[in-house]
Amino acid sequence: MRVVIIGSGSMGTTHAAGWHSLATDGVTLVGIVSANRASAEVLTQHYGGKVFETLAEVLPLVDVVDICVPTDLHLQFTLQAAAAKKHIFCEKPIARTLADAQQMIEACNAAQVRLFIGQVVRFFPQYQSVQRALTQGKIGELAVLRLTRVSYRPQKEAGSWFMDFSRSGGPLLDMLVHDYDYARWLGGDVARVYTRVSPPDAGGISDYAQVLMRFRSGAIAHLEGGWCYPPGMFRTKIEAAGTGGLIEWDSDSTAPITSYIKTQPGAVADVGLPLSPLTIDPYAAIIQHFYEAVVNDLPFAVTPEDALAALQIGLAAIESAQSGKPVTLPK
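Residues numbered from 1 in each chain as written. Predicted model: local features only at pLDDT ≥ 70, side-chain atom pairs only at ≥ 80, totals over all residues. Heavy atoms only, no water.

Enquirer: Can you tell me about the pairing of strand β5 (residues 87-91), naming the residues and giving the values?
Expert: In terms of burial, β5 is largely enclosed, as 4 of its 5 residues are buried. Where strand β4 (residues 64-67) meets β5, 4 bridges bridge the pair, whose relative direction is parallel. Across the sheet, the residue bridging to Val-64 is His-87, located in β5. The parallel pair β4 and β5, bridged by helix α4 (residues 74-83), forms a crossover whose chirality is right-handed. Read from β5 through helix α5 (residues 98-111) to strand β6 (residues 115-118), the crossover connection turns out right-handed. (Buried < 20%, exposed > 50% of the residue type's maximum accessible area, 1.4 Å probe, protein only. Helix = DSSP H or I, 4+ residues; strand = E, 2+ residues; numbered from the N terminus. Pairing = 2+ DSSP bridges. Right-handed = clockwise from strand over helix to strand, strands pointing away.)

In C-alpha cells:
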C-alpha cells in the first residue's frame, strides 16, 4: 500500500507515525503534500518519502490519499482522489456542511473507492470497554450517558483555521464530533439536540458548550466540551448509566491516559490530543484498521454514513446554540 498524506500539521504528523508503524506490512509513505514545506520536510526526513507541491503530481504513485487538512477542504481533495480511483482516509469531521459530506460519499461510491473518516475515539481502549459492557448487557439498557472532552485553545491562533468558525465550527463541531459519534455508537440514532454555549468571541467561537441529546430510544446524553482550559490540560470522562448498573471512566482518576504532546521543552502541542497509557496506540490502531479493511475487503468500523450522522448532530448543536431552541433531527 502506497500512501500520500495531505497536510503536515498535528494530525498529518500523527498519521505519518501511524503509517510508518506498518512499514513491515509493506506500507510505504510516498510523500507529503503541504502548504508548509518546512514542516513537510521534517516529516519526510523522519518517515521517508518526499515533499510534493500538489496532489495531482503524486496521485499516479499512490493507492491511498490520507487527508489531514482543514475541514472545509475535505471535499475538494476527496473528489480529486476519488476521480483518480484512490482509497481515502480523511480526518474528522467528514466535512463542514452536509452537502459537502453527501457529495464526498456519492463521489466515492460512484468511483468504487473506500472512504474512511478518522473518528479515533472508537479506537481508544477505555471507550471500547464501555461500549462492550453496554453491548454485553452488563449495565442493562442505556438510560443516561455523560461525556466530557475539554482542552485548551489551539495555540496558533493568528490566522488559524480553527479560529475561523465558518471553517472549523469551533469546538462544538471540531472537538465534540468525537462524542457525537461515540454517543450514537452506544445509544443509536439521535432525535433531538439542545445546546447552550459560553458567549462567543468576535470570530463566533464559543470556548465552552453543553449539549443535551435525546436518543430515539428515549435515553438521554449530556455532553460538555470546549477549549476553556489553560494550555496543556486535556480532560475526558465517560459515564454510562443503565437499567442494571453504571460504568464510568475519568482521565483524572487514572494513570495518565490524557496528556499533551510537547514540541519542545516548556511548550505544548498546537492542538490537544488525548493519549492512551496502554500498549495500544489508538492513532496507530485506526490506521491499521483502515489498512486491514482495504487489503482484505472488510467493512469499516466507522462508515461514511456514521460520520455523516455525527456531522448532522454537530450542525444541529450549532443551530440550537444560535437559536436558543431545541433542534429535532430528521428520521
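Here the narrative resumes.
Enquirer: Quick rundown of the packing of aromatic side chains? Include the residues and the values.
Expert: The geometry of an aromatic ring pair comes down to the distance between the two centres and the angle between the two planes. This structure, assessed with the given rule, holds 13 aromatic pairs. Ring centres of Trp-19 and Phe-290 lie 6.0 Å apart, and the angle between their planes is 90°; on these two criteria the pair is classed as edge-to-face. Here the residue Trp-19 occupies a position in helix α1 (residues 10-20), and Phe-290 occupies one in helix α10 (residues 282-295), the gap between them amounting to 271 residues. Trp-19 sits in the buried class, given a relative accessible area of 1%. The exposure class of Phe-290 is buried, given its relative accessible area of 0%. Judged by centre distance (6.1 Å) and plane angle (50°), the rings of Phe-116 and Phe-290 are tilted. Here Phe-290 lies in helix α10 and Phe-116 lies in strand β6, a separation of 174 residues in the sequence. The exposure classification of Phe-116 matches that of Phe-290, with both residues buried. Positioned above the aromatic ring of Phe-165, the side-chain terminus of Arg-96 is 5.3 Å from the ring centre. Above the face of the Phe-300 ring, Arg-114 is positioned so that its terminal group lies 4.1 Å from the ring centre. (Phe/Tyr/Trp six-rings, centres within 6.5 Å; stacked < 30°, edge-to-face > 60°. Lys NZ or Arg CZ within 6 Å of the ring centre and 35° of its normal.)

Enquirer: How would you explain the environment of Gly-314 if you had to name every residue and give the values?
Expert: Residue placement: Gly-314 occurs in helix α11 (residues 304-323). Residues Gly-314 and Leu-173, 141 residues apart in the sequence, show an inter-C-alpha distance of 5.2 Å. Setting aside residues up to four positions removed in sequence, Gly-314 forms contacts with Leu-173 and Tyr-180. (Contact = heavy atoms within 4.5 Å.)

Enquirer: An account of the pattern of salt bridges is requested, with residue identities and associated values reported.
Expert: Scanning the entire structure with this criterion turns up 15 salt bridges. For Asp-63, the salt bridge identified is with Arg-2, shortest N-O distance 3.0 Å. Of the two residues, Asp-63 sits in the loop between α3 (55-58) and β4 while Arg-2 sits in strand β1 (residues 2-6), which places them 61 residues apart along the sequence. Taking the shortest distance from any N to any O, the salt bridge between Arg-37 and Glu-41 comes out at 3.0 Å. Remark: Glu-41 and Arg-37 occur in helix α2 (residues 37-47); sequence separation between them is 4 residues, near one turn of the helix. Owing to a relative accessible area of 38%, Arg-37 belongs among the partly exposed residues under this scheme. The exposure class of Glu-41 is partly exposed, given its relative accessible area of 32%. It is possible to trace a salt-bridge network through shared partners that takes in Arg-122, Asp-181, Arg-184, Asp-189 and Asp-306. (Salt bridge = Lys/Arg side-chain N within 4 Å of Asp/Glu carboxyl O.)

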